[in-house]
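# Observations on chain architecture
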Amino acid sequence: MEDALFAGERLDEKEIVGKTFRHCTFANISFKEAELRRVTFVNCAFVRCYFRGASLEASRFSASHFIDCDLTKVRVEGCDFRYYN
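Let us look at the structure shown here. Counting starts from 1 at the beginning of each chain's written sequence and moves along it residue by residue. Residues qualify for local features only when their pLDDT is at least 70, as the model is predicted, and side-chain atom pairs are given and counted only at 80 or more; totals for whole chains, interfaces and linings, by contrast, use all residues. No hydrogens and no water enter the side-chain calculation; it runs on all heavy atoms of the structure.

### Section: the overall build of the chain
What counts, and what does not: Going along the chain from the N terminus, every DSSP run of H or I of four or more residues is numbered as a helix, and every run of E of two or more is numbered as a strand. Two residues form a contact once any of their heavy atoms are found within 4.5 Å. In this description, accessible areas are obtained by the Shrake-Rupley approach with a 1.4 Å probe, and a residue is regarded as covered only by the protein chains that are shown.
Within the chain one finds zero helices and 11 strands. Going from the N terminus to the C terminus, the chain shows its helices and strands as β-β-β-β-β-β-β-β-β-β-β. In the chain, of all internal contacts separated by at least 6 residues, the share reaching a separation of at least 24 is 0%. With the model as given, the accessible surface of the chain reaches about 5100 Å², and the carbon-plus-sulfur share is 44%.

### Structural notes on the sheet that holds strand S6 (residues 40-42)
Here is the rule: A pair of strands is labelled paired if DSSP reports no fewer than 2 bridges between them. Every angle, taken between N-to-C directions, lies between 0 and 180 degrees, and every axis is a line fitted to C-alpha atoms, over only the stretch in contact when it is a helix.
Taken in spatial order, the three strands of this open sheet run S3-S6-S9, and their pairing is parallel. In the strand order of this sheet, the two ends are held by strand S3 (20-22) and strand S9 (60-62), each with one partner. On average, adjacent strands in this sheet sit at an angle of 5° to one another, irrespective of strand direction. Relative to S6, S3 runs parallel, the two sharing three bridges. Of the residues in S6, the one forming a bridge with Phe21 is Phe41.

Dropping the structure here:
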């Protein structure tokens, strides 16, 4: 997916596997207790997103921005935050 806007969605407890997002914006998205595995985010912005209790596994967040996000109790394993802002 490229150049997309995702806003005001609840992805609580969802499983997102093997997806690629380029130049996307995620605004007010709830990833509460979601599982993100092998997901690639290239130059994406996360604005006021809620990641409490989420699991990020083997994912890439290259040149991505986290603005006013809640990252409480996030489990991160084997992720790449290269060029993170």
